[in-house]
Amino acid sequence: MDGQSPNNEAAGNDKRPLISSDLATPIYGLFGLGILYTLYVAHQIILPIVLAVMTSLLLSPLVKKAYVKWRIPRMVSSMVFVLLVLAGIVGITLAVATPALKWVEEVPGAISRVLVGESEISRQIARVTESAEQVEKSVEQLSDGEQRQPTAVVLQTDSWRSQLMNKVQNGIVGLALALALTYFLLVSGDRLIRNFVRQLPMGQRKTVLRITHDSQHLIAQYLGVLGLSNIFVGAATGLICWGVGLPDPAVWGLVAGLARFVPYLGVVISVSMLSVISVISLEEFWMMAIAPLGFLALTTLVGAFIEPWIHGFRMAINPVIIFVSIFFWGWLWGPVGVLLAVPLMTVIQVVLKQIPKLRPVYRVIAR
């Protein structure tokens, strides 16, 4: 009996957990911080991969349908859809870039003309400026009257054009990598998933397949319905801009429609943009308010009534979580992260819902 006790003790020692419960939480926290740091530092590699995965999830059902219904080879249909995505990106960029650059150069001068011209806004600002000057003179009279020589500070920075060109070059390289990877995922992604699932235990195979299927379904449904509603809002906004006499009405309608892909923040950006353009281009107050208020009414109508009626449900995530995720992914990956925030939260929501251990987290973030 005594000879067996060391073996029993060894067996008992083998059953002890490798990580103490007191150290588990700090280690998991450090692991999470490591993942976050990796996502931030390696964004030039990770971001094209994420874009490719999200795009393949959206286009994969179309590729399958083309093969099942019309017997079109996956290589052919995948190439066609990738080229369509590329054509759409290039077309939107060309349609928006030239007017946007022109307005970036003209807006400061136009604002100064509004402020110094003979308009109601300039008169109101002149009154405020006059009051501010009087207060400043009063403060100067109470001061000691000491004169200080101003210090000249010269900052040497790259022009905004060179910085923009660097970002454009990096964006083109990342887009090319994302589209190339999207093509290969559409052609061979299902085979890769099947090979991965075969290596899992039987109990986990259905969960992985269900996560993949639900992610494809929800992302396609969300982007499809949102795309159709954004086309309607963009076209109606362009007509409103044309009706009130704003320059380049098609461009502002296109930008307003694209901005709606970013929940909450896109509406704020569009209303601000339309307000600035209206103030610069129009003379009367009531005319200035038509375009921003018209867009706000349209997006409220579509977002509150039409979109839920079409697809039968709202995002099952708490709006606070969506709002925070927009700023988080935007901080992490910039404007692309802002656009990917809601699709990424959709995938995360599906994963949390399908894995039993993570289901309490899903209940916390759910609407």
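Small disclaimer: the values here were computed from a predicted structure and weren't measured. (Residues numbered from 1 in each chain as written. Predicted model: local features only at pLDDT ≥ 70, side-chain atom pairs only at ≥ 80, totals over all residues. Heavy atoms only, no water.)

Structural notes on the overall build of the chain
Convention followed: In this text, helices come from DSSP runs of H or I with a minimum length of four residues, and strands from runs of E with a minimum of two, each type numbered from the N-terminal end. Exposed residues in this analysis have more than 50% of their type's maximum accessible area, buried residues have under 20%, and partly exposed residues fall in between, with area computed by a 1.4 Å probe over protein chains only. We call two residues in contact whenever any of their non-hydrogen atoms come within 4.5 Å of each other. The Shrake-Rupley method, run with a 1.4 Å probe sphere, supplies the accessible areas, and residue values consider only the shown protein chains as cover.
Looking only at helices and strands, the chain has 14 helices and zero strands in total. When the helices and strands of the chain are placed in sequence order, the string is α-α-α-α-α-α-α-α-α-α-α-α-α-α. Of all 367 residues assigned to the chain, the portion counted as buried reaches 31%. Sequence-distant contacts in the chain: of pairs separated by 6 or more residues, those separated by 24 or more amount to 72%. For the chain, the accessible surface area stands at approximately 24200 Å², while carbon and sulfur atoms represent 68% of it.

Brief notes about a positive patch on the surface
This is how the line gets drawn: Residues with no salt bridge and a relative accessible area higher than 30% make up the patches, which join like charges within 9 Å and nonpolar side chains (Val, Leu, Ile, Met, Phe, Trp, Tyr) within 5 Å. Any Lys or Arg side-chain nitrogen located within 4 Å of an Asp or Glu carboxyl oxygen qualifies as a salt bridge. Asp and Glu count as negative and Lys and Arg as positive, but His and the ends of the chain are not part of the count. Taken as the charge centre is NZ of Lys, CZ of Arg, CG of Asp or CD of Glu, depending on the residue.
A contiguous patch of positive charge on the surface is contributed by Lys206, Arg210, Lys353, Arg359 and Arg363. For the positive patch, the secondary-structure elements that each account for two or more residues are α7 (202-244) and α14 (359-365). If you trace the backbone, Arg210 turns up in helix α7. Residue Arg210 is classed as partly exposed on the basis of its relative accessible area of 37%.

A closer look at the nonpolar core
Going by this rule: To qualify as a nonpolar core, a set must consist of buried Ala, Val, Leu, Ile, Met, Phe, Trp, Tyr and Cys residues joined through side-chain atoms within 4.5 Å.
Judged by nonpolar contacts, the single largest core of 23 residues is most densely connected at Val50, Met54, Ile326, Trp329, Trp333, Leu340 and Leu344. Mapped onto this core, the elements with two or more residues apiece are α3 (43-70), α7, α12 (319-333) and α13 (335-354). Counting residues per element, this core draws most heavily on α13, which supplies seven residues. Other than its neighbours up to four places away in sequence, Met54 contacts Ile219, Leu340, Pro343, Leu344 and Val347.

Here we look at a nonpolar patch on the surface
A surface patch of nonpolar side chains, amounting to about 560 Å² of accessible area, comprises Tyr37, Tyr40, Val41, Phe328 and Trp331. For the nonpolar patch, the secondary-structure elements that each account for two or more residues are α2 (21-41) and α12. Among the elements that take part in the nonpolar patch, α2 stands out by supplying three residues, more than any other. Along the chain, Tyr40 falls in helix α2. By relative accessible area, which is 41% here, Tyr40 ends up partly exposed.

What to know about unusual backbone geometry
The backbone of Arg71 sits at a positive phi, close to 60°, despite the residue not being glycine. Relative to the assigned elements, Arg71 resides in the loop between α3 and α4 (74-116). Positive phi, close to 50°, is recorded for Asp248, a residue that is not glycine. Tracing the backbone shows Asp248 in the loop between α7 and α8 (249-259). Judged by relative accessible area, Asp248 falls into the partly exposed class, the value being 27%.

Observations regarding the packing of α7 against α13
What counts here: In this description, a line fitted to the C-alpha atoms serves as the axis of each element, helices being fitted only across the stretch in contact, and the angle between N-to-C directions of two axes falls anywhere from 0 to 180 degrees. Note on convention: the crossing is left-handed when the near helix lies turned anticlockwise from the far helix by less than a right angle, right-handed when the turn is clockwise.
Packing of α7 against α13 leaves a shortest axis separation of 9 Å and a crossing angle of 150°. Classified by chirality, the crossing of α13 by α7 is right-handed. Note on element contacts: α13 touches α7 through Val342, Pro343, Thr346, Val347, Val350, Val351 and Gln354, opposite Thr207, Arg210, Ile211, Asp214, Ser215, Leu218, Ile219, Tyr222 and Leu223.

Describing the environment of Val351
Counting through the fold element by element, Val351 comes out in helix α13. Distance from Val351 to Ser215, taken between C-alpha atoms, is 8.5 Å for residues 136 residues apart in sequence.

What to know about the environment of Asn318
Mapped onto the secondary structure, Asn318 falls in the loop between α11 (290-311) and α12. Residues Asn318 and Ala366 lie 48 residues apart in sequence; the distance between their C-alpha atoms is 5.3 Å.

Here's the deal with the pattern of salt bridges
Counted according to the given criterion, the structure contains two salt bridges. We note a salt bridge from Lys64 to Asp190, for which the minimum N-O separation is 3.8 Å. Of this pair, Lys64 sits in helix α3 while Asp190 sits in helix α6 (residues 160-198), placing them 126 residues apart in sequence. Across the pair Asp190 and Arg74 runs a salt bridge, and its minimum N-O distance is 3.2 Å.

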